[in-house]
Amino acid sequence: MSGTDGSARAGTDLRELAHDLVARAHAAGARAADAVAVEGDGLAVGVRLGEVEKVKRSRQRRAGLRVFVGDATAIVSTADFSPDGLAALARDAVALAHATAPDPHAGLPDPAELAGEQPDLDLHDPAIERLEPEQALAWARDAEAAALAAAPEITNSEGAEFGADAGLVAYASSLGFVGAYAGSSASLAVVPVATRDGAMQRDSWYTAHRKLAGLEPPAEVGREAARRTLRRLGGRRPPTGECPVVFDPETAASLLRHLAGAIAGSALYRRMSFLLDRLGEQVASDTVTVVDDPIRPAGPASRPFDGEGVRQSRRTIVERGVLRSYLLDSYSARRLGMKTTGHAVRSVGDAPGVAPTNFVLEPGPHRPEAIIGSVRSGLYVTELIGFGVNPVTGDYSRGAAGLWIENGELAHPVEELTIAGNLRDMLRDIEMVGSDLRPRNAIAAPTLKIARMTVAGA
Amino acid sequence: MEVVKPERFFHERFGLSDRALERVLGTALERRADWADLYFEFRVNQTASLEEGAVKKATRNVSQGVGVRVVAGARSGYAHSDEVSLERLELAARAARAITDERGAATALPATRAATAAHDLYPVVRPPIDTPTADQVALLQRLDAAARAVDPCITNVFAGIGIEHRVVLVVTSAGAVVGDVRPLVHVSVTCIAERGGRREQGSYGGGGRFAFDTLLDGRAERFAREAARQALTNLGAADAPAGTMTVVLGPGWPGVLLHEAIGHGLEGDFNRKRVSAFTDRIGTRVASELCTVVDDGTIADRRGSLNVDDEGTPTQRTVLIERGILRGYLQDRLNAALMQMPVTGNGRRESFAHLPMPRMTNTFMLAGGDAPEDVIRSVDRGLYAVNFGGGQVDITSGKFVFSASEAYLIEGGKVTRPVRGATLIGNGPDVLTRITRVGADLRLDEGIGTCGKDGQSVPVGVGLPTVRIDGLTVGGTQA
């Protein structure tokens, strides 16, 4: 994709823009400020049943400014980069801050926490900027064709999509920090549809990486999508009752997301977490170790500094079941009387929030077949739908689909069922951890077995 | 914010004349294509949020941009930019026409001023975006006080106001120029209640396309008290049951059932592609004859309403199910043309950075004849669910979920104990056939719904009278 004229020069421009916004904020009366500027180009193509369905090109450019006037805060953003637009942005921010209440905890991080030298984390693939739609369409076609060719029962398709983005982020603050980095991402996904006895099923598979060369071959993605779709044909409803539940790596990662939400500083100081005041305590079974690593080379969520310019480091979050670290930005850290852990995330138009980076449940000793083999009668979950998770209580109830396990083997597909429990118990009841970790997403886990949950079906 | 016609607004802001726009559309159609359109958008979003009794944060975001679309058969080419200039438009038009491969046939007609939009559903004298921040802060503080006054167990209150002002202009190669100015405001309240070492939350809110002052008729305080009441109710809730049972849904927001169970499955794109569980089922029975379901984008002031959709088509009331028989789909231009069906004014997009798709507006079931008390009294043992979080559906298998955030057991025809939140799961083409009673108490939701599809979020509404469903799976923990 053309448009960015060399990331080095554009990076300098964007850095200057962020720096300039901070200066404008001070001139308008702010005590302190920080600014973030982003620009990027994207290409997304879709193919369905071999035909081109869409070709989409996007270009975005935005800048956001946070100001502190006394101890009051406001956040503004714009896509209008004209001198008038930028001057208005700083004035609007300061005016808005005059309407909000002072907050003694508001402010920038401790300067000692800021990132110094910014490591090159290998986050950007220049090949993505040169990618033409014809090539992207060819990959999408290959992936979908492999899915359609996998079996006669694959009768239809929602299509295959290839997407790629490349861009820059710059951040500057009153503490003198100025930084920028380039990043890219690419993904390919296929959604085949299978039919048997008049009933349709769909499933999907995808590959994603920061670099084109890191993507899995399109035909493999298509074949895996077909395999996952075909195994859902003929689904029945399981009986209602309690049983062991095995989560495949995709659904297991969602449990890790709930864990990350519960140990985020923003949830903790608001007392909206089912894991309040548990630091140093056993919160999961001793089979569970979770690491957050923001500086993993080419990691999907890797970055040289966080949304407040804070230095990044690899951190053990849960060690053999014991909670060793929360996820904190500087605000929630001050609220809790702690130090930031460098987990501020910043969208252009909002105050920093808290989120994990590359957040991974470390692989265990068990092959997934052995985990399934340990279950006499239970559920293997491959899909979860709905939002039935209460972050305050940990109450958990979600729609699910997957396969029923009989005598240690996958016996038949099941659908139209729910699984329920409480996340506090579920984390403690993780009995087996698989060896099959593939950290292609920022939040990743291997196959997990939970000793007992309630399944509701027929 | 001065209220001007969208045509004039974009002309003055970006200096783009009608002739310039015609030229861009000409570029878009230079190769063989069926039609093209330009979508200009200017949007301001403001938020103010309260926690711990103080409004510590306010945001204001301004976005603007343009998208150029070229359509040929089932192919869409799209390019968008947040730099709105003739040069960018020309580049976007060239990028969008990449889906076409032959030299051209269609030509753009001169851009003509459309008559005023078919509807005027949200005329506001003062757009909510012009509300002074101080007024918003004052309301949020009243909501904090109202929620805390309900009970000393309410230990924290989070309240927020979100205001949007969106100006859009669609210019099509058929010569239409259609604009819309869309105000939107909402208020939401979440309460935390603590008692005896147990903590629970309750959330409530509402809004619509109306002036900020409309929230000041007492309804905002009612939302705050309602959030507090829910949190307190949940403090005393027992474990929810697990298994298939009779479920009674209360009126209003539980209409999210319709949105998930049938609404998405009736969107034209899924049916054209034949991937919906409702494919080829028009004219067949998909619900009990007590059920008539409509999608209506023309209700004044509603969050899900639009004067015109994001392709410039006026919105309408579309009957989806009539006395149990499937009657129609929700369409945008592309899918209606390919299916040779009428457009229904449901072509919506999140912003200029997105392609339009068929989407719902306000989706609800018409009232039946039963008194709601009689519907509950008719159930010996079951679940009575009155408030919900979100839902989700697998279009192809038809399986859908929606999650209750406030529910009670029905025992011997009476509502008895509250139970913890639980997800309900069912099969879309089947669930409405199990409706055996429909109350006379149709209610639309308070105006808080947001629907996500293919990564795009749009505001929607739902509505439902009290209904009894004989056999829905309840995902509690008590097997």
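Quick notes on the rules
- Residues numbered from 1 in each chain as written.
- Chains lettered and ligands numbered in written order.
- Predicted model: local features only at pLDDT ≥ 70, side-chain atom pairs only at ≥ 80, totals over all residues.
- Helix = DSSP H or I, 4+ residues; strand = E, 2+ residues; numbered from the N terminus.
- Rg over C-alpha atoms; globule rule 2.2 N^0.38 Å.
- Buried ≥ 20, exposed ≤ 12 C-beta atoms within 10 Å, placed from the backbone.
- Contact = placed C-beta atoms within 7 Å.
- Nonpolar A, V, L, I, M, F, W, Y, C, P; charged D, E, K, R; others polar.
- Pairing = 2+ DSSP bridges.
- Domains from an automatic or database assignment.
- Axes fitted to C-alpha atoms, helices over the stretch in contact; angles between N-to-C directions.
- Left-handed = near helix turned anticlockwise from the far one by under 90°.
- Expected span 1.5 Å × (residues − 1).
- Parallel < 35°, antiparallel > 145°, perpendicular 65-115°, else oblique.
- pLDDT = per-residue confidence, 0-100.
- Core = buried A, V, L, I, M, F, W, Y, C linked by C-beta atoms within 7 Å.
- Arc of directions from axis to C-beta.

### As for the overall build of chain A
For chain A, the helix and strand inventory stands at ten helices and 20 strands. Compactness check: chain A gives a C-alpha radius of gyration of 24 Å against a globular reference of 23 Å for 458 residues, within 12% of the reference. By residue count, 59% of the 458 residues in chain A fall in the buried class. Counting contacts in chain A only where the partners sit at least 6 residues apart, residues at least 24 apart contribute 74% of the total.

### Some details on the overall build of chain B
For chain B, the helix and strand inventory stands at ten helices and 23 strands. By the compact-globule yardstick of 23 Å for 479 residues, chain B fits well, its C-alpha radius of gyration being 24 Å. Overall, the C-alpha framework of chain B stretches about 70 × 55 × 35 Å when taken along its three principal axes. Evaluated residue by residue, chain B yields a buried proportion of 62% over its 479 residues.

### Topic: the interface of chain B and chain A
Between chain B and chain A, the contact holds 65 residues from the first and 63 residues from the second. Sorting elements by how many residues they give to the side of chain B that touches chain A places strand 2 (residues 54–72) of chain B first, with twelve residues. Its residues placed into classes, the side of chain B that touches chain A shows 23 nonpolar, 28 polar and 14 charged. Across six bridges, the pairing between strand 2 (residues 51–69) of chain A and strand 3 (residues 75–81) of chain B is parallel. Residue pairing in the sheet places Lys54 of chain A in a bridge with Ser76 of chain B of strand 3 of chain B.

### So, the domain arrangement of chain B
All names here are of chain B. Examined at the domain level, chain B breaks down into domain 1 (6–235) and domain 2 (242–475). For domain 1 versus domain 2, the distance between C-alpha centres works out to 23 Å. The partner domain 2 presents 27 residues to the 36 residues of domain 1 that form the contact. Among the elements of the structure, strand 1 (35–51), strand 2, strand 3, strand 5 (154–172), strand 6 (176–195), strand 7 (198–208) and helix 5 (219–235) are those that each provide at least two residues to the side of domain 1 that touches domain 2. Considering each element in turn, the side of domain 1 that touches domain 2 owes the most residues, six residues, to strand 6.

### Focus on the packing of helix 4 (residues 133–150) of chain B against helix 5 of chain B
Residues and elements named next belong to chain B. One way to put it is that helix 4 packs onto helix 5 with a least axis distance of 8 Å and a crossing angle of 40 degrees. Helix 4 and helix 5 meet at a crossing whose hand is right-handed. Contact residues: helix 4 offers Leu139, Arg142, Leu143, Ala146, Ala147 and Val150, while helix 5 offers Ala220, Glu221, Ala224, Arg225, Ala227, Ala228 and Arg229. For the contact of helix 4 with helix 5, the per-class residue count stands at nine nonpolar, no polar and four charged.

### Quick look at helix 5 of chain B
In this model helix 5 of chain B runs 24 Å from its N-terminal to its C-terminal C-alpha over 17 residues, within 8% of the 24 Å that 1.5 Å per residue would give. The complete set of buried residues in helix 5 of chain B reads Ala220, Phe223, Ala224, Glu226, Ala227, Ala228, Gln230, Ala231 and Asn234 of chain B.

### A few points about the sheet that holds strand 10 (residues 315–319) of chain A
Pairing between the strands of a sheet comes from backbone hydrogen bonds, and it takes one of two forms, parallel or antiparallel. Residues and elements named next belong to chain A. Strand order in the open sheet made by the five strands is 11-10-9-14-19, with mixed pairing throughout. The open sheet terminates on both sides in strands that have one partner only, identified here as strand 11 (322–323) and strand 19 (443–444). Inspection of the sheet shows strand 9 (residues 290–292) paired to strand 14 (residues 359–361) by three bridges, in the antiparallel sense. Its bridge partner lying in strand 14, Val291 is registered against Val360.

### Regarding the pairing of strand 18 (residues 422–427) of chain B
Residue and element names in this part refer to chain B. Summarising burial for strand 18: six of the six residues are buried, a large majority. Of the two faces of strand 18, both are covered, the one formed by Ala422, Leu424 and Gly426 as well as the one formed by Thr423, Ile425 and Asn427. Inspection of the sheet shows strand 16 (residues 399–411) paired to strand 18 by six bridges, in the antiparallel sense. Following the sheet pairing, Lys399 is matched in strand 18 by Asn427. Where strand 18 meets strand 23 (residues 467–475), three bridges bridge the pair, whose relative direction is antiparallel. Counted as the bridge partner of Ile425 is Thr473 from strand 23.

### Remarks on the packing of helix 2 (residues 18–28) of chain B against helix 3 (residues 86–96) of chain B
Residue and element names in this part refer to chain B. Where helix 2 contacts helix 3, the axes come no closer than 8 Å and their chain directions differ by 20 degrees. Accordingly, the angle class assigned to the pair helix 2 and helix 3 is roughly parallel. Like other packed secondary-structure pairs, helix 2 and helix 3 cross with a definite hand, here right-handed. Along its contact with helix 2, which presents Ala20, Val24, Thr27 and Ala28, the element helix 3 presents Leu86, Leu89, Glu90, Ala93, Arg94 and Ala96. Across the contact of helix 2 with helix 3, the residue classes tally to seven nonpolar, one polar and two charged.

### Brief notes about the confidence of the model for chain A
On average, residues of chain A carry a pLDDT of 95, and 98% of them reach 70 or more. Under a pLDDT of 50 for its full length, residues 1–7 of chain A has, in the predicted model, 16 contacts with residues more than four places off or in other chains.

### A few points about unusual backbone geometry
Phi at Arg271 of chain A is positive, roughly 60 degrees, even though this residue is not glycine. Judged by local crowding, Arg271 of chain A falls into the partly exposed class, with 15 C-beta atoms found within 10 Å. Within the chain, Gln340 of chain B stands out as a residue other than glycine whose phi angle is a positive 55 degrees. Mapped onto the fold, Gln340 of chain B is located in the loop between helix 8 (333–339) and strand 12 (347–348).

### Some remarks on the nonpolar core
By size, the foremost hydrophobic cluster in this structure holds 295 residues, and its most contacted members are Ala25, Leu65, Val67, Ala93 and Leu379 of chain A together with Ala147 of chain B. Of all the elements, strand 5 of chain B adds the most residues to this core, at eleven residues. Those residues in contact with Val67 of chain A, other than ones at most four positions away along the chain, are Ala25, Ala30, Ala33, Ala74, Ala93, Val94 and Ala97 of chain A.

### Digging into the domain arrangement of chain A
Each assigned domain of chain A is listed here: domain 1 (7–228) and domain 2 (235–458). Put simply, the middle of domain 1 of chain A and the middle of domain 2 of chain A, counted by C-alpha atoms, are 24 Å apart.

### Let's talk about the environment of Asp120 of chain B
Residue and element names in this part refer to chain B. Positionally, Asp120 belongs in the loop between strand 4 (112–113) and helix 4. Accessibility expressed as a C-beta count within 10 Å gives 9 for Asp120, which makes it exposed. Distance in space between the C-alpha atoms of Asp120 and Leu306 is 8.9 Å, their sequence separation being 186 residues.

### A few points about the confidence of the model for chain B
Mean pLDDT over chain B stands at 94; residues scoring 70 or higher make up 96%. In the predicted assembly, ipTM is 0.94 and pTM is 0.95.

### As for helix 2 (residues 83–97) of chain A
Residues and elements named next belong to chain A. End to end, helix 2 covers 22 Å across 15 residues, agreeing with the expected 21 Å (1.5 Å per residue, within 8%). Among all positions of helix 2, only Leu89, Ala90, Ala93, Val94, Leu96 and Ala97 are buried. Along the long axis of helix 2, the arc covered by the buried residues comes to 165 degrees, so they all point the same way.

### Here we look at the environment of Val71 of chain B
All names here are of chain B. Relative to the assigned elements, Val71 resides in strand 2. Among the residues examined, Val71 registers 26 C-beta atoms within 10 Å and is labelled buried. Put simply, Val71 and Met245 are 174 residues apart on the chain and 48 Å apart in space, counted from C-alpha to C-alpha. Excluding its chain neighbours within four sequence positions, the residues that come into contact with Val71 are Ala33, Asp34, Trp35, Ala36, Ser76 and Leu334.

### Some remarks on the pairing of strand 10 of chain A
Look at any regular strand and the pattern is simple: side chains alternate between the two faces of the sheet. Residues and elements named next belong to chain A. In this structure, strand 9 lies alongside strand 10, joined through three bridges in antiparallel fashion. Bridge pairing in strand 10 links Val291 to Thr316. Note that strand 10 and strand 11 share two bridges and pair antiparallel. Residue pairing across strands places Val318 opposite Leu323, the latter belonging to strand 11. The turn joining strand 10 and strand 11, which pair antiparallel and follow one another in sequence, is formed by two residues; a positive phi near 45 degrees is taken by Arg320.

### Some thoughts on the environment of Ala355 of chain A
Residues and elements named next belong to chain A. Within the secondary structure layout, Ala355 lies in the loop between strand 13 (353–354) and strand 14. A count of 21 C-beta atoms within 10 Å places Ala355 in the buried class. Sequence-wise, Ala355 and Gly388 are 33 residues apart; in three dimensions their C-alpha atoms are separated by 20 Å.

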